[in-house]
Amino acid sequence: MVRAGTVEQAGQRDVGRRDTGSGGWRSRVRRAVRGGFRAGPWKRGLVLAVLALLLGLLLLLHARITDRGGLGSLVETFLPWFGLFALVLLAAALWRRSASAVVALLLPVMVWLNLFGGLLGDKSHSGGDLTVVSHNVGADNPDPAGTARDLAASGADVLALEEVTEDARGTYEKVLAKAYRYHTVQGTVGLWSKLPLSDSRVVDIELDYGPLAETKPDDVKLAYARALRTTVATEKGPLAVYVAHLGSVRVFPRNGFWTDSRDRGADALGKALAAERNERVVLLGDLNGTTDDRAFDGLTSQLRSAQEEAGDGFGFSWPATFPVARIDQILVRGVQPTSSWVLPATGSDHLPVAAGISW
């Protein structure tokens, strides 16, 4: 009987060992997971803390992101929206009760506020010697006459239009003639003014690039011109005004964010502005990019954004149905922006942008 009992107990121990061996790793994983949830606030949410630090580094070092495939420009175009990721991480950190994640979030929050905090308040002031408006009216605008009436009602002294088609040009000229005595149209961009204009000419932003460009006659090049320069005669002296519609950007599966035409135009426009002799300069237009984009360093190093200096908020202008980026710009040099705002939608896929300037 003693031997039988001993053998039976030994068999039970062997079975117990086999059971432990087959399910032991599962139980250890379960204990580790439960232990993670029971861990202290500094040990919980370590993954969230790492993600918060990576987000902060992205915002801090965005200029060093490679621009291969246009990645850097794409990130910088929507850079303000990366602040939403911080809010998502904060919500997750609070749910996990993770002190480490909350502390790590200080990095992206502080960097974001340093980059964009100044845009959150209203910096506009009353007054201004001149009101300028810029609008990409849209080649597919179903109601150019209505758009022209809305823009004239804005009270702008100087009105810049981009993407003016040959078919719609006559409509804009007819409707705006009563409010604006002077105007110039060069290719697909134009400027209407209540004040006299002079020295109006095309600015070459190298849309036609390569050997074939040299073979095109001047009248063909003029028909597709997308930038101009003119002088507005004000009571306080001449004001050089540039109107530009830089090349479009595209997202391709193979090439990524394609910006070659736009970037080439930005460089050419920057050179033209560097050679400008007039101390007072205003650039109006659809630049197909934000001022955070590295492609515009040649412009933003010479000119200041009216929205950043005297606006209220981000002033997003595109697309009109749900604006996510400000790609329509008013940049100045030698004059002081007093206010900057976005006008109501017209028949275009862009919103008009406006600014008051003084000197």
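Residues numbered from 1 in each chain as written. Predicted model: local features only at pLDDT ≥ 70, side-chain atom pairs only at ≥ 80, totals over all residues. Heavy atoms only, no water.

Novice: Which residues make up the overall build of the protein, and what values do they have?
Specialist: The secondary structure content of the protein amounts to twelve helices and 14 strands. Going through the 359 residues of the protein one by one, you find that 45% of them count as buried. Residue pairs at least 24 apart in sequence account for 71% of intrachain contacts in the protein once pairs closer than 6 positions are excluded. For the protein, the exposed surface amounts to about 19000 Å²; the carbon and sulfur share of it is 58%. (Helix = DSSP H or I, 4+ residues; strand = E, 2+ residues; numbered from the N terminus. Buried < 20%, exposed > 50% of the residue type's maximum accessible area, 1.4 Å probe, protein only. Contact = heavy atoms within 4.5 Å. Areas by Shrake-Rupley, 256 points an atom, 1.4 Å probe, with all protein chains shown as cover.)

Novice: I'd like a description of the environment of L197, backed by residues and values.
Specialist: Checked against the element boundaries, L197 lands in strand β5 (residues 197–202). C-alpha of L197 to C-alpha of V232: the two residues are 35 residues apart in sequence and 4.9 Å apart in space. Filtering out sequence-adjacent residues up to four positions away, L197 remains in contact with Y182, H183, T184, L191, T230, T231 and V232.

Novice: Got a sec to walk through the pattern of salt bridges? Specific residues and values, please.
Specialist: Counting across every chain of the model gives nine salt bridges. Among the ionic pairs, E276 bridges to R229, the shortest N-O distance being 3.0 Å. Here R229 lies in strand β6 (residues 227–234) and E276 lies in the loop between α10 (260–274) and β10 (281–286), a separation of 47 residues in the sequence. Note that R304 is salt-bridged to E309, the shortest N-O span being 2.5 Å. One salt-bridge network, in which partners are shared between bridges, spans D199, R201, R229 and E276. (Salt bridge = Lys/Arg side-chain N within 4 Å of Asp/Glu carboxyl O.)

Novice: Please give an account of the nonpolar core that cites residues and values.
Specialist: Of all hydrophobic cores here, the largest spans 21 residues; its most connected members are V132, L191, L239, V282, L284, I330 and I357. Contributions of two or more residues to this core are made by β1 (130–136), β2 (158–162), β4 (189–193), β6, β7 (237–245), β10, β12 (328–333) and β14 (353–358). The next biggest cluster of nonpolar side chains, apart from the first, holds 19 residues, and it includes L48, A86, A93 and A104. (Core = buried A, V, L, I, M, F, W, Y, C linked by side-chain atoms within 4.5 Å.)

Novice: I'd like to hear about a nonpolar patch on the surface, residue by residue, with values.
Specialist: Side chains of W42, V103, L106, V109, M110, L113 and L120 sit close together on the surface and give an oily, nonpolar patch of about 690 Å² of accessible area. By the secondary structure assignment, W42 is in the loop between α1 (2–38) and α2 (46–60). (Patch = residues over 30% accessible without salt bridge, like charges linked within 9 Å, V, L, I, M, F, W, Y side chains within 5 Å.)

Novice: Tell me what's going on with the packing of aromatic side chains, and back it up with residues and numbers.
Specialist: Under the definition given, this model contains six aromatic pairs. When the ring of W81 is compared with that of F316, the centres are 5.7 Å apart and the planes differ by 25°; the resulting orientation is stacked. Linking W81 in the loop between α3 (71–77) and α4 (83–96) with F316 in the loop between α12 (306–310) and β12, this pair joins segments that are 235 residues apart in sequence. Taking relative accessible area as the criterion, W81 reaches 29% and is therefore assigned partly exposed. (Phe/Tyr/Trp six-rings, centres within 6.5 Å; stacked < 30°, edge-to-face > 60°.)

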